[in-house]
There are 2 protein chains.
Amino acid sequence: MKFSKKSEYALRALLELTAQYGRALLQRHEIAKRQHIPIEFLEQILLALKNAGLLASRRGVSGGYSLIKPPDEITLGQVIRILDGPLAPIGCVSKTAYQKCSDCPYVKKGSCPIQDVMGGVRNAIAEILDNYTLRDFAGQATRQ
Amino acid sequence: MKFSKKSEYALRALLELTAQYGRALLQRHEIAKRQHIPIEFLEQILLALKNAGLLASRRGVSGGYSLIKPPDEITLGQVIRILDGPLAPIGCVSKTAYQKCSDCPYVKKGSCPIQDVMGGVRNAIAEILDNYTLRDFAGQATRQ
DNA sequence: TCTATTCTAAACTGAATTACTCAACTATTA
DNA sequence: TAATAGTTGAGTAATTCAGTTTAGAATAGA
Ligand code: FES
Ligand code: FES
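Residues numbered from 1 in each chain as written. Chains lettered and ligands numbered in written order. Predicted model: local features only at pLDDT ≥ 70, side-chain atom pairs only at ≥ 80, totals over all residues. Heavy atoms only, no water.

Of the pairings in the sheet, the one linking strand 1 (residues 55-58) of chain B to strand 2 (residues 64-67) of chain B comprises four bridges and is antiparallel in character. For B:Ala56, the partnering residue across the bridge sits in strand 2 of chain B and is B:Ser66. (Pairing = 2+ DSSP bridges. Helix = DSSP H or I, 4+ residues; strand = E, 2+ residues; numbered from the N terminus.)

Okay, structure coming up:
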């Protein structure tokens, strides 16, 4: 039940990009240095965030990355789903990537105790992460 | 952010053992058959639960497993921690297996936004799973 | 006691995932 | 056109996952 390093690094990188929002581009090496993230690894994370539509980038001499949307329109839930997949602790309770249980004997009876409990767990997690934006998140770190 | 098959099978096996609580021993092949769990895999799960003090067993001709404690004294949180380790989504917010973050730049400043949010997530999960007992759990399945 | 039954313990395996690293490439700008 | 910076894809060592195999030890009943 852990989030991957990818998710953690993504959140830390986005903390820097949020602080920089509206200003100049931020380069990967700068993020890597400030957050102690291995630069090549950070790169694939930034790429994933870019491909998911959260970041823009520019190459060449004063290139770098920037947030493409305002920080209060990006939730931690979105970010974590990009890097780690669904938040649900079991496939049959995922709302974004539902998968029915093939071997669960309760699945046929219409009600499964595991599904019930885990549904509650998934909602509790999503409730927090889908309502927490990068602005809330960075607000704690970069309060002026 | 998924629970392993081990945890899922453990919960399903315990559902059977809870229904059987106070009666005769239940054999692994019976559990395996009723819950569609590969028997050899189930075995290591039952062993782990036994070593963790949740089950008793007897070998030989009418041997089998049984719950060693009443179902309302075993929580889903306990079970999942045995098979999957801590519930916390990141080491630095685990109460049962805390590990400090070595590379987080906020760890020195006394307050880390990731730790704050993830602490909330871990509490939300634990709040559900540590207050949900096998009796509650099985009650949904074996209501007479 | 012999034997079938059932749990115990540990090692083993193939596939997948994690956390990175490397190398070659393309775009930008001074 | 040289230096800078992002892009893409492949590679890799270590670990985890989901299970299988094998050999053994306890128990009950004949
Ligand atoms: S239906 Fe998914 S665990 Fe029962
Ligand atoms: S202290 Fe653990 S993530 Fe910052």
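Resuming the write-up.
Another aspect to go through is the relation of the copies chain B and chain A. When chain B is brought onto chain A, the operation consists of a screw motion whose angular component is 180° and whose axial shift is 0.0 Å, with 0.0 Å RMSD remaining. The relationship between the two copies is best expressed as a two-fold rotation axis. Closest approach to the rotation axis within chain B is made by the C-alpha atom of B:Met1, at a distance of 2.4 Å. A shared binding surface is used by both copies, with 100% of the interface residues of chain B retained as interface residues in chain A. (Least-squares fit on C-alpha atoms with pLDDT ≥ 70 in both. Contact = heavy atoms within 4.5 Å.)

Around DNA strand D there are 23 residues in total, and A:Glu43, A:Lys50, A:Gly60, A:Val61 and B:Glu40 lie nearest to it. Near the protein, meaning within 4 Å, the atoms of DNA strand D are sugar or phosphate in a fraction of 64%, with bases accounting for the rest. Between DNA strand D and A:Tyr65, the relevant distance is 3.0 Å, taken from a phosphate oxygen to a side-chain nitrogen or oxygen of the residue. Within the backbone of B:Lys5, an N or O atom sits 3.2 Å from a phosphate oxygen of DNA strand D. Among the secondary structure elements, those contributing two or more residues to the surface near DNA strand D are helix 3 (39-51), strand 1 (55-58) and strand 2 (64-67) of chain A together with helix 1 (5-19) and helix 3 (39-51) of chain B. Grouping the constituent residues of the surface near DNA strand D by class yields seven nonpolar, eight polar and eight charged. (Near = heavy atom within 4 Å. Polar contact = N/O pair within 3.5 Å; in protein donor to acceptor, adjacent residues only side chain to side chain. Nonpolar A, V, L, I, M, F, W, Y, C, P; charged D, E, K, R; others polar.)

The next subject is the interface of chain B and chain A. Interface size is often expressed as the accessible area that is lost when the parts come together. With 41 residues of chain B in contact, the opposing surface of chain A contributes 41 residues. Buried surface at the junction of chain B and chain A, both sides included, amounts to about 3,600 Å², of which 68% is carbon and sulfur. Across the chain B-chain A interface, the total number found is two salt bridges. The salt bridge partner of B:Asp103 is A:Arg12, with a shortest N-O separation of 3.8 Å. Taken together, the links from chain B to chain A amount to ten residue pairs in polar contact (both at pLDDT 80 or more). Of all the secondary structure elements, the ones that give two or more residues to the side of chain B that touches chain A are helix 1, helix 2 (28-35), helix 4 (76-84), helix 5 (113-129) and helix 6 (134-141) of chain B. Sort the elements by how many residues they give to the side of chain B that touches chain A and helix 5 of chain B lands first, with eleven residues. (Buried area = accessible area lost by both parts, 1.4 Å probe. Salt bridge = Lys/Arg side-chain N within 4 Å of Asp/Glu carboxyl O.)

Let us look at the nonpolar core. Core analysis: the largest hydrophobic core is formed by 92 residues, its most contacted members being A:Met118, A:Leu129, B:Met118 and B:Leu129. Dropping the residues within four chain positions of it, A:Leu129 is found in contact with A:Phe3, A:Thr75, A:Leu76, A:Gly77, A:Ile80, A:Leu87, B:Val117, B:Met118 and B:Val121. (Core = buried A, V, L, I, M, F, W, Y, C linked by side-chain atoms within 4.5 Å. Buried < 20%, exposed > 50% of the residue type's maximum accessible area, 1.4 Å probe, protein only.)

What follows is about the packing of aromatic side chains. Residues and elements named next belong to chain A. According to the stated counting rule, one finds four aromatic pairs over all chains in the structure shown. A ring pair is formed by Tyr 9 and Phe 41, whose centres lie 5.8 Å apart and whose planes are at 85°; its orientation type is edge-to-face. With Tyr 9 in helix 1 (residues 5-19) and Phe 41 in helix 3, this pair connects stretches of sequence that are 32 residues apart. On the basis of relative accessible area, Tyr 9 is assigned to the buried category, the value being 6%. (Phe/Tyr/Trp six-rings, centres within 6.5 Å; stacked < 30°, edge-to-face > 60°.)

Take A:Gln35: it is sitting in helix 2 (residues 28-35). Those residues within four positions of A:Gln35 in sequence are excluded, and the remaining contacts are A:Arg12, A:Glu16, B:Asp103, B:Pro105 and B:Tyr106.

Attention now moves to the packing of helix 3 of chain B against helix 4 of chain B. Residue and element names in this part refer to chain B. Where helix 3 contacts helix 4, the two axes come as close as 10 Å, and the packing angle between them is 115°. Crossing angle aside, the handedness with which helix 3 passes helix 4 is right-handed. Contacts between helix 3 and helix 4 involve Ile 45, Ala 48 and Leu 49 on the former and, on the latter, Val 79, Ile 82 and Leu 83. (Axes fitted to C-alpha atoms, helices over the stretch in contact; angles between N-to-C directions. Left-handed = near helix turned anticlockwise from the far one by under 90°.)

Glancing now at the protein's contact with DNA strand C. Contacts to DNA strand C come from 24 residues, most closely from B:Arg28, B:Glu43, B:Lys50, B:Ser57 and B:Gly60. Taken together, the sugar and phosphate atoms account for 68% of what DNA strand C places within 4 Å of the protein. Contacts to DNA strand C include B:Lys50, whose side-chain N or O atom sits 2.5 Å from a phosphate oxygen. Listed by contribution, the elements that provide at least two residues to the surface near DNA strand C are helix 1 and helix 3 of chain A together with helix 3, strand 1 and strand 2 of chain B. Tallied by class, residues from the surface near DNA strand C come to seven nonpolar, eight polar and nine charged.

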